[in-house]
Amino acid sequence: MNVSVGFIQPKVRFGNIDYNIERIESLLANIDSFDLIVLPELVYTGYVFRGRDEVIRISTKYNKKIIEHIKRVSDIYSAVVVAGAPEYQGDKVYNSAYIGYKGDIIDTYRKLHLFYKEKIWFDPGDKPLKVYDFRGFKLGVMICFDWRFPEVARILSLYGADIIAHPSNLVFDYAYDVALARAIENNIYVVTSNRVGVDNRAGMRIRFKGLSQIVSPKMEVIYRGRKYREDAKVVEIDISLARDKMATKLNHLFRDRRIEFYTPLVNRELVEELDEA
Ligand code: ACM
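Since this is a predicted model, take the numbers as computed values, not measurements.

Rules and cut-offs
- Residues numbered from 1 in each chain as written.
- Predicted model: local features only at pLDDT ≥ 70, side-chain atom pairs only at ≥ 80, totals over all residues.
- Heavy atoms only, no water.
- Helix = DSSP H or I, 4+ residues; strand = E, 2+ residues; numbered from the N terminus.
- Rg over C-alpha atoms; globule rule 2.2 N^0.38 Å.
- Buried < 20%, exposed > 50% of the residue type's maximum accessible area, 1.4 Å probe, protein only.
- Contact = heavy atoms within 4.5 Å.
- Patch = residues over 30% accessible without salt bridge, like charges linked within 9 Å, V, L, I, M, F, W, Y side chains within 5 Å.
- Areas by Shrake-Rupley, 256 points an atom, 1.4 Å probe, with all protein chains shown as cover.
- Salt bridge = Lys/Arg side-chain N within 4 Å of Asp/Glu carboxyl O.
- Pairing = 2+ DSSP bridges.
- Axes fitted to C-alpha atoms, helices over the stretch in contact; angles between N-to-C directions.

Colleague: Help me get a handle on the overall build of the chain, residues and values and all.
Modeller: Across its full length, the chain carries seven helices and 16 strands. The C-alpha atoms of the chain give a radius of gyration of 18 Å, which matches the 19 Å a tight globule of 277 residues would have. Summarising its shape, the C-alpha atoms of the chain cover approximately 55 × 50 × 35 Å along the three principal directions. Burial statistics for the chain: of 277 residues in total, 53% are counted as buried. Of the contacts formed within the chain by residues at least 6 apart in sequence, a portion of 68% connects residues at least 24 apart.

Right, here's the structure in full:
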């Protein structure tokens, strides 16, 4: 049960959708085939917006072009493409990952845990976590700061995800290590795609590092992307490794959970009590 999975790690220029598409295309030109490719969070637009109005203006102007591009790549490669872009719908705008498959957009994942000023720019995700069953592998999606909330990867894994696609614009160095933890604790592959380039606007300057990574269920970094430079990589992975949830001969990762002791996890009052303490 081998599948080929990878990432594109392009240099992104804020607001220059044509340039960003050209960079993605140029990196794709080195790749013959894949079953799944992951692109970064907000890869077509850039990350640091001046405000919500700007997200809406850019999405209104470019989303058709962005969606057409995702569809086209998934069609050409007859494969799955996960790519980050704003999703403007009704009066809401989400930080989403589009899931393209063989020429169609089959769904979007709307980032559940918005980071810092994203809370001003976007609406929080409002759709349940979901796993997609493709030929040979099951895929879950989370976006960047979702790594900080282990429940996301856990739920996707309980739904059967073999691989989590993780489009990112990482700002904390420890996020890379935490992705390794998400892989071992759930016995899954995690493909983090992190952009390079600088967003220097609206009083913020972020130089994105790259260092995208493909992590195995054994917590090994199968491949790490270059630092501050563009990169792209596809590797063959064995899905059966993610299906065997035995941590030892006597320990099943999911069946051994003592869920009767976990109910505080869904008790909001505990947090209120902490605030009052
Ligand atoms: C992030 O969630 N883009 C830090």
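Colleague: Let's hear about a nonpolar patch on the surface: which residues, and what values?
Modeller: A surface patch of nonpolar side chains, about 580 Å² in accessible area, is lined by I259, F261, Y262, L265 and V266. Summarising the element assignment, V266 is placed in the loop between strand 16 (251-252) and helix 7 (269-276). Exposure remark for V266: the relative accessible area of 75% places this residue in the exposed category.

Colleague: So what's going on with the environment of A97? Which residues, and what values?
Modeller: For A97, the position within the fold is in strand 4 (residues 92-101). With a relative accessible area of 0%, A97 lands in the buried category. A sequence separation of 49 residues divides A97 from V48, and the C-alpha atoms of the two residues are 17 Å apart. Sequence-distant contacts of A97, defined by excluding residues within four places in its chain, comprise V82, A83, G84, D107, T108, Y109, V141, I143 and P167.

Colleague: Explain unusual backbone geometry residue by residue, including any values.
Modeller: A positive phi angle, close to 45 degrees, is found at L42, a residue other than glycine. With respect to the element layout, L42 can be found in the loop between strand 2 (36-38) and helix 2 (52-76). The phi torsion at A202 lies on the positive side, around 50 degrees, for a residue other than glycine. Take A202: it is sitting in the loop between strand 10 (196-201) and strand 11 (204-209).

Colleague: Let's hear about the sheet that holds strand 1 (residues 2-9): which residues, and what values?
Modeller: Reading across the sheet, the six strands line up as 5-4-3-2-1-14 and stay open at both edges, with mixed pairing between neighbours. Each edge of the open sheet is held by one strand with a lone partner, namely strand 5 (104-110) and strand 14 (231-238). Across this sheet, the average inter-strand angle for adjacent strands is 30 degrees, counted without regard to direction. In this sheet, strand 3 (residues 80-89) lies alongside strand 2 in parallel orientation, the contact comprising three bridges. Residue pairing in the sheet places I37 in a bridge with V81 of strand 3.

Colleague: Which residues make up the sheet that holds strand 8 (residues 163-168), and what are the values?
Modeller: With mixed pairing, six strands are arranged side by side in an open sheet as 6-7-8-9-12-13. Only two strands of the sheet have a single neighbouring strand rather than two, namely strand 6 (131-134) and strand 13 (221-224). Mean inter-strand twist for the sheet, computed between neighbouring axes without regard to direction, equals 20 degrees.

Colleague: Lay out the pattern of salt bridges with the relevant residues and their values.
Modeller: Should their charged atoms come close, side chains of opposite charge can pair. Enumeration according to the criterion identifies 20 salt bridges in this entry. Residue R110 pairs with E87 through a salt bridge whose shortest N-O separation is 3.0 Å. Residue R110 is found in strand 5, and its partner E87 is found in strand 3; the two are separated by 23 residues along the sequence. We note that R110, like E87, is buried. Between R182 and E185 there is a salt bridge, and its shortest N-O distance comes to 2.4 Å. In this pair, R182 and E185 both sit in helix 5 (residues 174-186), three residues apart, roughly one turn of the helix.

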